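This is what each chain is made of:
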Amino acid sequence: MHLSGVVAAAAVLPIAPRQSTVTALTVNLDQKFQSIDGFGFSEAFQRAYNIYNLEEPKRSQVVDLLFNTTTGAGFSIVRNGIGSSPNSSLDWMNTIAPTGPANPASAPEYIWDGKDSGQLWVSQQAAKYGVNTFYANAWSAPGFMKTNGRDSNGGLLCGVRGSACSSGDWRQAYADYLVKYIRFYEESGVQVTHLGFLNEPDFSTSYASMQSNGSQSADFIKVLHPTLAKAGLSHVHIACCDATGWRVQATMTNALKEAGVEDLIGIITSHPYSNGISATLPTSRKVWQTEYSDLAGGWSTAWYTNGATGDGYTWANHIYTGLTAGNVSAYLWWVATQDRETNNNNNEKLILVDKGDYFVSKRFWAFAQYSRTIRPGAVRVGVAGGSNLRSTAFLNADGTVVVNVINTDATEAALSVSGIKAIAAKAWKTDNDNDMVAVVATVGSGGTVSGVSVPGRGLVSFVITTSAS
Ligand SMILES: *[C@@H]1O[C@H](CO)[C@@H](O)[C@H](O)[C@H]1NC(C)=O
Ligand SMILES: *[C@@H]1O[C@H](CO)[C@@H](O)[C@H](O)[C@H]1NC(C)=O
Ligand SMILES: *[C@@H]1O[C@H](CO)[C@@H](O)[C@H](O)[C@H]1NC(C)=O
Ligand SMILES: *[C@@H]1O[C@H](CO)[C@@H](O)[C@H](O)[C@H]1NC(C)=O
């Protein structure tokens, strides 16, 4: 039984002794899994303006919550939507080529509005905090490049197999257009590092969407890859294909391999909506989970309410599953912010922005515990111990060792961490009552970390400096 300091100090009657059982976790640095690029979110579809339009000091506070590695989530990846819509009606993302030429041989007139639906400003704030991973991701090509003549309601890119367009093959034009978008960001001081040309290509809807199967994606990648190389952008990793679910992405990945383009791809990307993460994807490339959120629930700031879809605890478990069963190198939430009006104030945001104020969910703190501690360049390593615990361990590039522990049991568990020669340790916990609150860890003379308990249905993260750090 755990007694808080306040209760213990105030107690007059004899109190029950602190539970003496300690669950031992053992880190195994010799067991190495995937390398980590980071954690992130999107502010696509004009959500970025929720932050931009806040008055100071709230605006800076939200930016700090997202990116600060001492007090915030320390998010390290921003996923931006490359606009394809003719204008900014509704929440559309406007394109840099609102009108197209009659045929693909002539270049469109490019228009840069310096805003990119608010995303450029958010990206620039991220860069100030040291974020250097920017995933630019198109939901669709502009309408004039597609079989259906508009950026919404599916349709194919003209030129991929199965498309027939009287205006010709627009694959090169689309590749040039994506390079142009990267250039506009470069000129604004933000370097795009990852580039996707599809979003949920198995889903056709009333907003920006473009269909593709794996072989059609390969038809475009064969044009995009040399175009990036010629533009001096070989360092930009091609991402494919942001399918709606893990199984769909597995099928597409097999088709990409069959078409011989796996080596041209930097990262295989998927969302876990239509089917979740239960296994690794069939690829030797890095895998990113690039979009997920609770689309079903109403706005909730709860940590644990019996495993509801929007509970922070539920999301800690999703992240755990992605990192372990999914072998993912990045785990991205959908939108960081949203207002109350959009989608009936559902739970697809981490932070609610309403009437000049903001409200932070516990999902945010679930992400923060992982994102702030596991830094880009980390490698996942082995950790064992505790049948009610879901633990992951990482070796950061700076030599620190991270251990994240979810307690699936309702009873608090005292922990020790060994297998490394600790010389200093920091720890934080999140549960119903705490938002990544620092707790004191003790380092024993043998280099074992102790003194920290993970609350029932709680989450604890350690960052441990070792003699090898
Ligand atoms: C896990 O990801 C790494 C990339 O970091 C990759 O090299 C490895 O093949 C993946 N393992 C499995 C089982 O998919
Ligand atoms: C925006 O584009 C749509 C689709 O082309 C069009 O119907 C609508 O009138 C445009 N809205 C504005 C404000 O230009
Ligand atoms: C992060 O927060 C800490 C503590 O408030 C502050 O000292 C630091 O300047 C912040 N970092 C950045 C990059 O603003
Ligand atoms: C993709 O669709 C095209 C056009 O219908 C078809 O020729 C091709 O076989 C499909 N590829 C896969 C892997 O399903």
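Owing to the predicted nature of the structure, the values given are computational and were not obtained by experimental measurement. (Residues numbered from 1 in each chain as written. Chains lettered and ligands numbered in written order. Predicted model: local features only at pLDDT ≥ 70, side-chain atom pairs only at ≥ 80, totals over all residues. Heavy atoms only, no water.)

(A) The overall build of the protein chain, seen in detail. When helices and strands are tallied, the protein chain shows nine helices and 20 strands. Computed over the C-alpha atoms, the radius of gyration of the protein chain is 23 Å, within 12% of the 23 Å expected from 2.2 N^0.38 for a compact globule of 469 residues. Principal-axis analysis of the C-alpha atoms gives the protein chain an extent of 85 × 50 × 35 Å. Out of the 469 residues in the protein chain, the part that is buried amounts to 55%. Considering only contacts in the protein chain between residues 6 or more positions apart, those separated by 24 or more positions represent 70%. Working note: accessible area of the protein chain is about 18,100 Å², and carbon and sulfur atoms make up 51% of it. (Helix = DSSP H or I, 4+ residues; strand = E, 2+ residues; numbered from the N terminus. Rg over C-alpha atoms; globule rule 2.2 N^0.38 Å. Buried < 20%, exposed > 50% of the residue type's maximum accessible area, 1.4 Å probe, protein only. Contact = heavy atoms within 4.5 Å. Areas by Shrake-Rupley, 256 points an atom, 1.4 Å probe, with all protein chains shown as cover.)

(B) Main features of the side chain of Ser76. Structurally, Ser76 is set in the loop between helix 3 (58-67) and strand 3 (77-82). Judged by its relative accessible area of 4%, Ser76 falls in the buried class.

(C) Summary view of the UniProt feature "domain: Glycosyl hydrolase family 59 catalytic" (unreviewed entry) in the protein chain. What UniProt calls "domain: Glycosyl hydrolase family 59 catalytic" (unreviewed entry) maps, in this numbering, to residues 51-370. Segment residues 51-370 splits into 28% helix and 15% strand. End C-alpha atoms: 23 Å apart. (UniProt positions renumbered as here; feature names shortened; annotations may be inferred.)

(D) How the structure looks around the UniProt feature "domain: Glycosyl hydrolase family 30 beta sandwich" (unreviewed entry) in the protein chain. According to UniProt, the positions carrying the feature "domain: Glycosyl hydrolase family 30 beta sandwich" (unreviewed entry) are residues 377-431. Counting secondary structure, residues 377-431 comes out at 0% helix and 64% strand; the distance between its end C-alpha atoms is 28 Å.

(E) Layout of the state of the cysteines. One pass over the full model with this rule turns up two disulfides. Each sulfur in the disulfide pair Cys158 and Cys165 lies 2.0 Å from the other. Torsion about the S-S bond of the Cys158 and Cys165 cystine: about -80°, corresponding to left-handed handedness. With relative accessibility at 1%, the residue Cys158 sits in the buried group. Here Cys240 engages in a disulfide with Cys241; their sulfurs sit 2.2 Å apart. On the sign convention where negative is left-handed, the bridge of Cys240 and Cys241, at about 90° about the S-S bond, is right-handed. Each member of the pair, Cys240 together with Cys241, is buried. Each disulfide of the protein chain joins two cysteines, and with those cysteines numbered along the sequence the arrangement is 1-2, 3-4. (Disulfide = S-S within 2.5 Å.)

(F) Representation of the site of ligand 1 within the structure. The environment of ligand 1 is made up of Gln34, Ser35, Thr280, Ser284, Asn327 and Ser329. In this structure, an oxygen atom belonging to ligand 1 sits 3.2 Å away from a main-chain N or O atom of Ser35. Protein coverage of the free-state accessible area of ligand 1, which is 360 Å², stands at 57%. Residue composition of the shell around ligand 1, by class: no nonpolar, six polar and no charged. (Near = heavy atom within 4 Å. Polar contact = N/O pair within 3.5 Å; in protein donor to acceptor, adjacent residues only side chain to side chain. Nonpolar A, V, L, I, M, F, W, Y, C, P; charged D, E, K, R; others polar.)

(G) Broad picture of the layout of surface pockets. Computed from the structure, the second largest pocket encloses a volume of approximately 340 Å³. Forming the walls of the second largest pocket are 16 residues, and the residues nearest its centre are Tyr207, Glu291, Leu295, Trp334 and Glu348. Grouping the constituent residues of the lining of the second largest pocket by class yields seven nonpolar, four polar and five charged. (1 Å grid on protein atoms, 1.4 Å probe; cavity = no way out; pocket = protein on both sides within 12 Å on 5 of 7 lines; lining within 4 Å. Points joined across faces, edges and corners; volume = space filled by probe spheres on them.)

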